[in-house]
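For reference, the chains in residue letters:
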Amino acid sequence: MFSIFKRSKEQTSARELKKYYKTVEQINKLEAIYSPMSDDELRNMTFTFKERLENGEQLNDIIPDAFAVVREASKRVLNMRHFDVQLIGGLVLTEGNIAEMPTGEGKTLVASLPSYVRALEGKGVHVITVNDYLAKRDFELIGQIHRFLGLTVGLNVPMMEPTAKKEAYNADITYGVGTEFGFDYLRDNMAHTIGDKVQRPYHFAIIDEVDSVLIDEAKTPLIIAGKMGANEELHRIAAMLAKRFKPEEDYDFDDETKATSLTDQGIEKVEAAFGIDNLYDLDHQTLYHYVIQAVRAHVMFELDVDYIVRDDKIELVDMFTGRIMEGRSLSDGLHQAIEAKEGVTITEENKAQAQVTIQNYFRMYPKLSGMTGTAKTQEKEILEVYGMRVIQIPTNRPRRRVDQPDLVFEKIEQKYEYVAQEALRRHEKGQPVLIGTTSILQSEKVASYLKKYGLDFQLLNAKTVEQEVELISEAGQKSRITVATNMAGRGTDIVLGDGVEELGGLFVIGTEKHESRRVDNQLRGRSGRQGDLGESQFILSLEDDMFKRFAKDDVEKFRKKMTTNDIGVVQNKEVTELIERTQRIVEGAHFSMREYNLKLDDVINDQRRIVYDLRDKVLKNEDIIPLLIRMMYETVDFAVRENAPEDKDVIEWDFDKMEKTVNSLFIEPVIVNRDETKVKNLLDAMDPPVKQLKAVIESFEENEQIMSVIPKVMLSYIDHMWVKHLEQMAHLKEGIGLRHYQQEDPMRIYQREGLELFGKNYQELRRTIVEELVAFMKNITMNVEE
Ligand code: ADP
């Protein structure tokens, strides 16, 4: 009962949908106007719309006509006429919300509407897909509509030449994968000339499979790294230590925040192993870092689940697709720690030069929108973080998939036996079966049971995207059995083979509940597309990972009153409640973890914006001289305030340091009168040299040589500062785990100290820039005078 109540609360009401239906009615009426038009007349509408917008009309004024034009174009070039519900989806996207539409409802075609309308504004639209294959497919297919209507369409894929990238970004509509857009952003902010930048300012993005992009893939940040040699020996010793460590006795690990710290006993062991007497000594910071990473490699990463060892290399596994993440590696020495753990060759370490999370990348768009089959359960989070609402769009045809109640076995072997037997039964009558798992390891387990029954099947482990798409798209063929992790081949249509509909359509078996109901729904959604017949069932056991990890005591209690039938199926109805409760706990834990990480990242995010803004000004060579003068003033001001704090006594002021700092800038040194007691007077004393310096900086403008050097010098210092700052922030993050016992919220510590660190580094950056440029100028003038 509880679940029904819950579900109804999560549904979009008919009342909410009413306003969309009104617009749909308008669009339908307009068909009579646009369908008699010639191709040229239709194409001309694009210019008419653009003009109307330029003349101050709002998007809403042109939406019905623009939608009607796109539908007409689609009829002519693709022979597909948008269903009414697809128009609703398009309306929801255009206004910057999420359209929840089950698989097979034609989301690809839906995207043609908002991308057209928002491209009319002339600032570019990004259409984000989950892989390059889909980006190319949509670019080619849906792009036909837009090209027909006179818009340009671009495709952004990895490894493209900068000129090609720029062209793709300058198109009205650009297709590509989210991570590549994020990497382009980072690379643009490492560019040395403004001409090297490929992106335009952000305007509007449509994210396909939006939940998987913003929620599932948001855990690993995008990092551009430079290589540096790792200390192999240290990694190996640290790995050995970590192997011998016992949880809680030697180290603490917080499952939720991933905070890792050593206990006193652990610290003593490290000190003994390396023959040092105080690990907390600043000199041993690196050592501490290696040990912590070794512990993490040990507790957070499991062989054949999170990574595999192949050809003397560690290859990371995408836990959602079960696919190898080609070329991806962990940063900050974690990858090397795993290499040491597995005894393979230790590679060079990646040092982050630029990083951003997918979430923070997309939050830079003034307006976002998205499509997915499953987001309603996550609406609160999506609304909080991205300001998007989730609107459920009615299906074009009524849904005919039957979702069977979960079947729960007492023992895990009983579960797999049953899964294989059930697959056999369905297979024998010709019905296709898709078995979903939560990891590669589990896929292999299922495979071994299927083999036992002599069944032929397709296993989608460690396959390329193309292979995956191909195998998944064939999963609806007669008698076919396919084993895949839940997310494999997402976005691929499973079309039923001949005669399969009569056999009940595709039968989907889930072998474990996923960490979120959303992902379970995705798996079910593989079946019953566009009103097809279909069936789904989760076959579970009380020994499943989820129960072991999150509901040990509950299950223990439950076992006492439980009864099972002869094959081990739990008979008590309360088991449903147990599953739901556990899943809710897991969802909650994951949500707080994402929230925590986002908060952590927010600290760096604000700083990144400041640094990148500064960088941009320099790249554009805009008002460089006033900028330098401002930096100079701030440096002097800071030197005074830092060394002569108002809240301290004059005796405590550090005049020497103050003089040293400012005189490194000034042409003629200032000697501060130490009898003066007020800060105001201190600044007055510096007024003449400041004025002199200002004049020197202003004179830069007349010197071509120095004007050409300034941006280069500034850029190199900015970039250097940012890399160093990122590293220090990473160490700070690591360190906050250490402070557990300080009874202070680690987040607060991180926020406060992160801010301080940035203030310090930014101040140093300003001072160095001014100092270097003045020194450079002095040199030139001296050479001239000689
Ligand atoms: P989704 O991404 O929502 O799962 P797809 O975009 O893959 O769905 O579309 C599913 C199938 O439906 C595709 O074969 C597509 O060509 C077809 N389709 C979508 N919209 C229409 C339409 N309006 N008329 C005819 N066929 C359509």
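Everything here concerns the structure above.
Just so it is clear, the structure is predicted and the values come from calculations on it, not from any experiment.

With ten of eleven residues buried, helix α5 (residues 84–94) is to be regarded as a mostly interior element. All of the buried residues in α5 are V85, Q86, L87, I88, G89, G90, L91, V92, L93 and T94. Within two residues after α5, G96 carries a phi angle of roughly 90°, on the positive side.

Turning our attention to the sheet that holds strand β5 (residues 204–208). Within the open sheet, the seven strands sit side by side as β3-β4-β2-β5-β12-β1-β13. Their pairing is parallel. Each having just a single partner strand, β3 (153–156) and β13 (390–392) make up the two edges of the open sheet. Strand-to-strand twist across the sheet, computed as the mean angle between neighbouring axes with direction ignored, equals 20°. Sheet topology note: the β3/strand β4 (residues 173–177) ladder contains four bridges and is parallel. Bridge pairing in β4 places V153 opposite I173.

Attention shifts here to unusual backbone geometry. A positive phi angle, close to 60°, is found at N79, a residue other than glycine. Looking at the element boundaries, N79 is found in the loop between α4 (59–77) and α5. Although it is not a glycine, Q530 sits at a positive phi angle of roughly 45°. With respect to the helices and strands, Q530 occurs in the loop between α22 (517–524) and β20 (533–541). You can call Q530 partly exposed: its relative accessible area is 26%.

This brings us to the nonpolar core. If you look at the biggest cluster of nonpolar residues, it comprises 92 residues, and the most contacted ones within it are F362, L628, F700 and M714. Viewed by domain, this core spans two of them, domain 1 (2–220 + 359–392) and domain 4 (621–785), each represented by three or more residues. Those residues in contact with M714 that lie beyond four places of it in its chain are V618, I624, L627, L628, M631, I769 and L773. In this structure, Y20, A68, L113 and I142 belong to the second largest nonpolar core, which totals 54 residues.

A word on a negative patch on the surface. Residues E302, D304, E444 and D545 make up a contiguous surface patch of negative charge. When its relative accessible area of 42% is taken as the criterion, E444 is described as partly exposed.

This next bit is on the pattern of salt bridges. All told, the structure shown has 54 salt bridges when counted by the stated rule. Its salt-bridge partner being E57, residue R52 comes within 3.1 Å of it at the nearest N-O pair. Judged by its relative accessible area of 31%, E57 falls in the partly exposed class. Across the pair R187 and E180 runs a salt bridge, and its minimum N-O distance is 3.0 Å. Taking the relative accessible area as the measure of exposure, R187 reaches 38% and is therefore partly exposed. In this structure, a network of salt bridges that share partners links the residues E31, D39, R71, E72, K75, R76, R81 and D84.

Turning our attention to the site of the ligand. Neighbouring the ligand are 16 residues, the closest being R81, Q86, G104, K107 and T108. Within the side chain of Q86, an N or O atom sits 2.8 Å from a nitrogen atom of the ligand. Between G104 and the ligand, the recorded distance is 2.6 Å, taken from a backbone N or O atom to an oxygen atom. A total of 570 Å² of accessible area belongs to the ligand in isolation, and the protein chains cover 78% of it. Here the shell around the ligand gets three residues from one element, more than from any other, and that element is helix α6 (residues 107–110). Taken together, the residues of the shell around the ligand sort by class into four nonpolar, seven polar and five charged. In terms of domain composition, the shell around the ligand takes at least three residues from each of domain 1 (2–220 + 359–392) and domain 3 (400–589).

On to the environment of W653, then. You can see W653 is positioned in the loop between α26 (624–643) and α27 (655–663). For the pair W653 and R584, spaced 69 residues apart in sequence, the C-alpha separation works out to 57 Å. From its side chain, W653 meets the backbone oxygen of P645 in a polar contact 3.0 Å long.

The next subject is the packing of α4 against α5. In contact at an axis separation of 12 Å, α4 and α5 are set at 130° when each is read in the N-to-C sense. With respect to their mutual orientation, α4 and α5 come out oblique. With respect to the hand of their crossing, α4 and α5 are arranged in right-handed fashion. Counting all contacts with α4, which are made through I63, F67 and R71, the residues of α5 involved are D84, L87, G90, L91 and T94.

Let's shift gears to the packing of helix α24 (residues 552–561) against helix α25 (residues 574–620). At a closest axis distance of 11 Å, the pairing of α24 and α25 adopts a crossing angle of 175°. Of the possible angle classes, the one that applies to α24 and α25 is roughly antiparallel. Each of D554, V555 and F558 in α24 lies in contact with α25, whose residues at this interface are E574, V575, L578 and R581. Counted by class, the contact of α24 with α25 contains four nonpolar, no polar and three charged residues.

Moving on, we get to the pairing of strand β16 (residues 433–437). The element β16 is extensively covered by neighbouring structure, given that five of its five residues are classed as buried. Both faces of β16 are covered, namely the face carrying V433, I435 and T437 and the face carrying L434 and G436. The sheet contact formed by β16 and strand β18 (residues 481–485) spans five bridges and is parallel. Of the residues in β18, the one forming a bridge with L434 is T482. Inspection of the sheet shows β16 paired to strand β19 (residues 506–510) by four bridges, in the parallel sense. By the bridge assignment for β19, G436 is matched with G510.

Right, let's get into α22. Counting buried positions along α22 yields seven of eight residues, so the element is predominantly enclosed. The complete set of buried residues in α22 reads R517, R518, V519, D520, Q522, L523 and R524.

The residue D61 is located in helix α4 in this model. Under the relative-accessibility criterion, D61 is labelled partly exposed at 39%. A C-alpha to C-alpha distance of 9.7 Å links D61 and F49, two positions twelve residues apart in sequence. A polar contact of 2.8 Å, which involves the side chain of D61, links it to the backbone nitrogen of Q58.

Take the packing of aromatic side chains next. Going through the model one piece at a time under the given rule, you end up with 16 aromatic pairs. Each ring, one from Y202 and one from Y361, has its centre 5.3 Å from the other, and the planes form 80°; the classification is edge-to-face. Residue Y202 is found in the loop between α11 (178–188) and β5, and its partner Y361 is found in helix α17 (residues 358–362); the two are separated by 159 residues along the sequence. Y202 sits in the buried class, given a relative accessible area of 16%. For Y361, a relative accessible area of 0% puts it in the buried group. One aromatic cluster is present, built from ring pairs that chain together Y185, Y202, Y361, F362, Y365, Y612 and W722. A cation over a ring is seen here: R118 above F204, with NZ or CZ 4.6 Å from the ring centre.

The rules we used
- Residues numbered from 1 in each chain as written.
- Predicted model: local features only at pLDDT ≥ 70, side-chain atom pairs only at ≥ 80, totals over all residues.
- Heavy atoms only, no water.
- Buried < 20%, exposed > 50% of the residue type's maximum accessible area, 1.4 Å probe, protein only.
- Helix = DSSP H or I, 4+ residues; strand = E, 2+ residues; numbered from the N terminus.
- Pairing = 2+ DSSP bridges.
- Axes fitted to C-alpha atoms, helices over the stretch in contact; angles between N-to-C directions.
- Core = buried A, V, L, I, M, F, W, Y, C linked by side-chain atoms within 4.5 Å.
- Domains from an automatic or database assignment.
- Contact = heavy atoms within 4.5 Å.
- Patch = residues over 30% accessible without salt bridge, like charges linked within 9 Å, V, L, I, M, F, W, Y side chains within 5 Å.
- Areas by Shrake-Rupley, 256 points an atom, 1.4 Å probe, with all protein chains shown as cover.
- Salt bridge = Lys/Arg side-chain N within 4 Å of Asp/Glu carboxyl O.
- Lys, Arg positive; Asp, Glu negative; His and termini not counted.
- Charge placed at Lys NZ, Arg CZ, Asp CG, Glu CD.
- Near = heavy atom within 4 Å.
- Polar contact = N/O pair within 3.5 Å; in protein donor to acceptor, adjacent residues only side chain to side chain.
- Nonpolar A, V, L, I, M, F, W, Y, C, P; charged D, E, K, R; others polar.
- Parallel < 35°, antiparallel > 145°, perpendicular 65-115°, else oblique.
- Left-handed = near helix turned anticlockwise from the far one by under 90°.
- Phe/Tyr/Trp six-rings, centres within 6.5 Å; stacked < 30°, edge-to-face > 60°.
- Lys NZ or Arg CZ within 6 Å of the ring centre and 35° of its normal.

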